[in-house]
Amino acid sequence: MWSALGKYKAIVVSIALFLILDASVLSLNFFISFKIADDAVGVNLAGRQRMLTQRTVKSLYDLRLAEGDTVKQETALNELKTTYNLFNTTLTAFDKGGETKNANGETVVLKRVNSDAGRVAIDEAKIIWQPYSDAIAKVIAASGTAAMAQSLNSAIVIAGDKNLLLLKLMNDLTVNLEQVATHQATVLRYIQTGGITLAIINFLIILFHFIGELRQNDKFLEDARKETTDILDTVNEGLFLLDKDLVIGEQQSSQLAEIFGGKDARGLKFSDLIGDLVKPKDLETAQRFVNLLFRPDVKGNLISDLNPLNQVEINIPDEDGGYITRHLSFEFSRVSKDGELKNVLVTVNDITEQVMLARELEETKEKGEQQLEMLTSILHANPGVLKRFIQNAFDAYGRINKILKEQSKSPAVMQRKLNDIFIEVHNFKGEASALELDNFAEYAHVFEDDIQALKQQSKLAGNDFLKLAVHLESLIRYTESIKELADKLASFAFNQDPSSSVRSPTNHENVTSSDWKHLTKLCENVSQRDKKQAQLVLTGFDEAKINDDAQKLVNELSIQFIRNAVVHSIEHPEFRKARGKHETGRIDARLSRLPTGELELSVHDDGCGINYEKIRSKALMIGKWDKAEVEKFTHQQLLSLIFLPGFSTADNQNEDAGRGVGMDIIKKRIDQYQGKIKVSSSSGKHCQFTVTFPADAFAQNEIDTQQGKVA
Amino acid sequence: MSEETLQVFIDGVINYFHHTSEKEVKVGSPYLIENNSPAAFDYTGIIGISGPYRGSVYFTAPKALLTHLLLAIGEKDTSMEYIMDLVGEVANTIAGNARSKFGQDFLISVPVVVEGAPSNIHLPKDLRSYVIPVYWRAYSSAVVICLEA
């Protein structure tokens, strides 16, 4: 018990001393008060003794005066007896201590008078009183008038002689007893004053010593509290305690509010803190887990792996309607006191940076793999050509988006939009396959399939275009990745060897001869796919000084013409052989600047030429014209049909033909630049397409080259 | 992002209009915009999305459409406060529809309503958004979806 008081021992002792002091003063006070009360009785009775001396004398004289009157004599004698007895008893009581009667006739006890002056007065009074007392006793005892008169006379003589002296002695006794009483009262005052002074001193000791000590303790506590607060304000973790009801304690680290978007967690249930931020299942498991921690029979280290919030993603709504995503790690540790599990300390770590870093690494790795795959798909392409292709692609995406953006409820306009998008995609696909950029070509092919499917729909709504927008977005995304890679490659090549031929040309540079090799490759690929043999001879492409716009167009047209030549004109090798032709067909593509400044592109092949009858039968199949009308179509009229959208003479639909798009694109593009197209064909011998553009065509038609912008 | 995901948000708007007295609503042809120039009418209700896809979806409409729509749902008070509430309600319907379709994996925020275009905070700058025009009576509005995987 005593040891349990600890630092409070001193204060307990002080208070105990204070109480003992108070009790002592109080006891003395009682003691002296009683004594003073006794003294007061003494003083009173001493005063009465004075009065009794006089009454005795008076009774003696009254007795004498009553001589002959029996009644009066009797009264006076009784008075004398009473007075005599009272004086005698009281004097004896003062002298030896003993009982006497007070004014009310009650018995009181007097203590022996011990003071010197008091003793002197009593002793002298006793000497005087002895004969006086004897004389009075004789008066009282006298029988008969004569005896009475004689004893009375002798008593009166003694009274006359000693009365005043006895009165003085009794007066001295009274004064002395008064002085003793006064002295006692003074002692009492001193004791009280001393006691109060000691009590005040004790109080002051308590006040200064212990308050100082308490203050020091408070300061110590305050410092300790401040240290705790400083720690809680500084740590990077969110710290808080959970009680058995899973209620969060009052103290927590500042970082906690920061982690949970400014939420004040004090007094909240754990579920209220994280309930909205994690999946309900995770919350339930977490609560079960914490409850397990409060069970003493469960080993903490055995269940630590069960912590469902070891790494958890939370999404905190922000004021702008968005979410702040954080990755948190919750650690739960038991807090025991005297062997009893009191709380669970929860440490919340914001591991967003680590998680993001790991994710970034993962993404980088994945991107690296993707880029490697992409790199393989573009490595064969000339950087300059690739750059031009990418630019063309973005231009095409911009145009497709523009078509999508155009709003109309009219079915005809919707169909036209589909056609226009199809043309763009088809054109893009052509260029991609010419450059053997197979991924692009495949993307475009799927895109085309979806457009074709929509075209079959009888009723079109705006919503039907959604999948086209999704395709467009995917293509843009893919192209952006390729562009990023191509830019890196170009800058790498440039940094490594500025003189290298693979250097990316600027927009206004003329392309090098290698930039047209893809046309030769295209010819080979299409021939291979069609099981034909064809050789492409390019003339004048390297020499003609043309700007970027012209290059783009020449490229587009050449791709279309060469592909058409292989697919539609060049015959299969055995067929050619049977006709006496070389098994390998020849396609001559020539680009030249005419003396007039006009730009001329001609593509000539030694194939079967235009099959007018095939066009005629296809025209009949379409059902747009009646049979008689179609049969009357001249070659010129039939030729014009191949420039109609959706018109194809190919037997099968594949990557190179059969979509009925190609020649209409060519026509459209030529018109765009005010060009003219001339077709010459001799059945079974050859076919030639010649396109001529005015000298100033490309100067006036600046194409928006804003790369990558779709709006 | 798949067509199906986009369709859920579009259906959210259509659902809202279907609860009004004038149900006739048409969806226009969707297109893309760069986020650095967001498309917006007078008022815009934005919801934040997190989970497998992250980003924002917003419904934006001109004041005239919203005023007319308020009258169509029997509300005579067409003050700005009511208009803002209405935009928020449409955005809420989109959010509700998305919640029911995507389930718990998607976190969808409470709508925030702004005047004009959403700020950059809502739209990642280097991404594109899908714009889906929505026509109701003679008015045009739009759902704009910007989500990244």
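The structure presented is a predicted model; accordingly, all values stated were derived computationally and were not measured. (Residues numbered from 1 in each chain as written. Chains lettered and ligands numbered in written order. Predicted model: local features only at pLDDT ≥ 70, side-chain atom pairs only at ≥ 80, totals over all residues. Heavy atoms only, no water.)

## A short note on the interface of chain B and chain A
Applied cut-off: Should any heavy atoms of two residues lie within 4.5 Å, those residues are counted as being in contact. Buried area, as used here, totals the accessible surface that two parts lose on assembly, with accessibility defined by a 1.4 Å probe and the loss added over both. Any Lys or Arg side-chain nitrogen found within 4 Å of a carboxyl oxygen on Asp or Glu counts as a salt bridge.
Counting residues at the interface gives 32 residues for chain B, matched by 33 residues for chain A. Overall, the association of chain B and chain A removes approximately 2900 Å² of surface from exposure, summing both partners, and the carbon and sulfur fraction of that is 55%. The largest contributions to the chain B side of the interface with chain A come from Ser29, Leu32 and Arg128 of chain B, which together make up 21% of the buried area. Here Arg54 of chain B ties to Glu313 of chain A by a salt bridge, and the two come within 3.1 Å at their closest N and O atoms.

## Quick notes on the sheet that holds strand β10 (residues 599-605) of chain A
Residues and elements named next belong to chain A. The following threshold applies: A strand pair is defined by DSSP finding two or more bridges across the two strands. Each helix corresponds to a stretch of at least 4 residues labelled H or I by DSSP, and each strand to a stretch of at least 2 residues labelled E; elements are numbered beginning at the N terminus. All axes here are fitted lines through C-alpha atoms, helices being fitted over the stretch that makes contact, and every angle between N-to-C directions spans 0 to 180 degrees.
Here 5 strands make up an open sheet; going across it, the order is β8-β9-β10-β12-β11 and the pairing mixed. The open sheet has two edge strands with one neighbour each: β8 (534-539) and β11 (676-682). Ignoring strand direction, the axes of neighbouring strands in this sheet form an average angle of 10°. Judged from the 7 bridges that link them, strand β9 (residues 585-593) and β10 form a sheet pairing that is antiparallel. Note on β10: the bridge partner recorded for Ile587 is Asp605.

## Digging into the pattern of salt bridges
Any two side chains of opposite charge can pair, given that their charged atoms come close. Residues and elements named next belong to chain A. Here is the rule: Only protein chains enter the accessibility calculation, which uses a 1.4 Å probe; a residue whose area is less than 20% of its type maximum is buried, one above 50% is exposed, and one in between is partly exposed.
Taken as a whole and assessed by the stated rule, the structure comprises 38 salt bridges over all chains. Residue Lys111 pairs with Asp38 through a salt bridge whose shortest N-O separation is 3.9 Å. Taken as a pair, Lys111 in the loop between β2 (107-110) and α3 (116-141) and Asp38 in helix α1 (residues 9-65) lie far apart in primary sequence, 73 residues in all. On the accessibility criterion, Lys111 (62% relative accessible area) is exposed. Salt-bridge contacts for Glu424 lead to Arg399; the nearest nitrogen and oxygen are separated by 2.8 Å. Residue Glu424 is located in helix α11 (residues 411-434), and its partner Arg399 is located in helix α10 (residues 383-405); the two are separated by 25 residues in the primary sequence. The class of Arg399 is partly exposed, set by a relative accessible area of 28%. Three or more residues joined by partner-sharing salt bridges are found here, namely Asp95, Arg119, Asp123 and Lys126.

## Focus on the side chain of Asp420 of chain A
Along the chain, Asp420 of chain A falls in helix α11. Sequence-distant contacts of Asp420 of chain A, defined by excluding residues within four places in its chain, comprise Ile403 and Lys668 of chain A.

## Some words on the packing of α10 of chain A against α11 of chain A
Residues and elements named next belong to chain A. Note the threshold: Reported orientations rely on four angle classes, namely roughly parallel under 35 degrees, roughly antiparallel over 145, roughly perpendicular from 65 to 115, and oblique for the rest. In this count, Pro and Cys sit with the nonpolar residues alongside Ala, Val, Leu, Ile, Met, Phe, Trp and Tyr, while Asp, Glu, Lys and Arg are called charged and the others, Gly among them, polar.
Following both chains from N to C, one finds α10 and α11 inclined at 170°, their axes separated by 9 Å at the closest point. Taken together, the axes of α10 and α11 lie roughly antiparallel to each other. Residues Phe389, Asn392, Ala393, Ala396, Tyr397, Arg399, Ile400, Ile403 and Leu404 of α10 pack against Lys417, Asp420, Ile421, Glu424, Val425, Phe428, Glu431 and Ala432 of α11. Of the residues in the contact of α10 with α11, the class split is 11 nonpolar, 1 polar and 5 charged.

## Considerations on α11 of chain A
Basically, it comes down to this: Here a helix's expected span is defined as the number of its residues, less one, multiplied by 1.5 Å.
Along its 24 residues, α11 of chain A runs 34 Å from first to last C-alpha, staying within 8% of the 34 Å computed at 1.5 Å per residue. Looking one or two residues beyond α11 of chain A, the residue adopting positive phi is Glu436 of chain A, at roughly 55°.

## Considering the packing of aromatic side chains
Residues and elements named next belong to chain A. Our working rule: Aromatic pairs are defined between Phe, Tyr and Trp rings, using the six-membered ring for Trp, whenever the two ring centres lie within 6.5 Å; interplanar angles under 30 degrees are classed as stacked, those over 60 as edge-to-face, and all others as tilted.
Going through the model one piece at a time under the given rule, you end up with 26 aromatic pairs over all chains. Both rings, one in Trp129 and one in Tyr132, keep their centres 5.5 Å apart while their planes meet at 70°; by these two values the pair is edge-to-face. Within this pair, Trp129 and its partner Tyr132 are both found in helix α3, separated by 3 residues, close to a single helical turn. Trp129 gets classed as buried once you look at its relative accessible area, which sits at 4%. Plain terms: the ring middles of Phe240 and Phe270 are 6.2 Å apart, the flat faces sit at 40° to each other, and that makes the pair tilted. One end of the pair, Phe240, is in strand β3 (residues 238-242); the other, Phe270, is in helix α6 (residues 270-274), and 30 residues separate them in sequence. The class of Phe270 is buried, set by a relative accessible area of 0%. The structure contains a cluster of three or more aromatic residues connected by ring pairs, namely Phe389, Phe394, Tyr397, Phe428, Phe440, Tyr443 and Tyr478.

## Looking at helix α14 (residues 517-529) of chain A
Each α-helix winds once per 3.6 residues, and so residues spaced three or four apart point in a common direction. Residues and elements named next belong to chain A. Compared with the 18 Å implied by 1.5 Å per residue over 13 residues, the 19 Å span of α14 between its first and last C-alpha is a close match. Looking at the packing, one finds that the buried side of α14 touches α10, α11, β8, α15 (548-569) and β9. Just downstream of α14 lies Lys531, where phi reads positive at about 55°.

## Section: the nonpolar core
Residues and elements named next belong to chain A. What counts here: Residues belong to a common nonpolar core when they are buried Ala, Val, Leu, Ile, Met, Phe, Trp, Tyr or Cys residues joined through side-chain atoms within 4.5 Å.
Counting residues in each nonpolar core, the largest one holds 89 residues, and the members touching the most others are Ile421 and Phe440. Beyond its immediate stretch of four places on either side in the chain, Ile421 contacts Ile400, Ile403, Leu404, Phe447, Ile451, Phe465 and Leu468. Counting residues in each nonpolar core, the second largest holds 51 residues, with Trp516, Ile559, Val566 and Phe689 among its members.

## Quick word on the environment of Gln73 of chain A
Residue and element names in this part refer to chain A. Here Gln73 lies in helix α2 (residues 70-96). Residues Gln73 and Asp671, spaced 598 residues apart in sequence, show a C-alpha to C-alpha distance of 177 Å. Excluding anything up to four places from it in sequence, Gln73 contacts Leu63, Ala66 and Met148.

## Focus: the confidence of the model for chain B
Inclusion rule: A residue's pLDDT is the confidence the predictor assigns to it, expressed on a 0 to 100 scale.
The predicted model of chain B has a mean per-residue pLDDT of 85, with 93% of residues at 70 or higher. Here strand β5 (residues 107-108) of chain B stands out as the least confident element of chain B, with mean pLDDT 79; strand β7 (residues 128-136) of chain B is the most confident, with 91.

## So, the packing of α2 of chain A against α3 of chain A
Between two packed helices, both the angle of their axes relative to each other and the distance between the axes serve to describe the pair. Residues and elements named next belong to chain A. Applied cut-off: Crossings are assigned a handedness: left-handed for a near helix turned anticlockwise from the far helix by less than a right angle, right-handed for a clockwise turn.
Following both chains from N to C, one finds α2 and α3 inclined at 150°, their axes separated by 11 Å at the closest point. Regarding the angle of α2 to α3, the classification is roughly antiparallel. Note on packing geometry: the crossing formed by α2 with α3 is left-handed. Contacts between α2 and α3 involve Leu77, Leu80, Lys81, Tyr84, Phe87, Asn88, Leu91, Phe94 and Asp95 from the former and Arg119, Ile122, Asp123, Ala125, Lys126, Trp129, Ser133, Ile136, Ala137, Val139 and Ile140 from the latter. Of the residues that constitute the contact of α2 with α3, the class distribution is 13 nonpolar, 2 polar and 5 charged.

## Points about a negative patch on the surface
Which entries qualify depends on this criterion: Surface patches are defined over residues having more than 30% relative accessible area and no salt bridge, joining like charges when they lie within 9 Å and nonpolar side chains (Val, Leu, Ile, Met, Phe, Trp, Tyr) when within 5 Å. Throughout, the Shrake-Rupley method with a 1.4 Å probe supplies accessible areas, and for residues the shown protein chains are the sole cover considered. Positive charges are assigned to Lys and Arg, negative charges to Asp and Glu, while His and the chain termini are left out of the count. Positions of charges follow a simple convention, taking NZ of Lys, CZ of Arg, CG of Asp or CD of Glu.
Taken together, the side chains of Glu360, Glu362, Glu363, Glu366 and Glu369 of chain A present a region of like negative charge at the surface. With respect to the helices and strands, the residue Glu369 of chain A is situated in helix α9 (residues 352-378).

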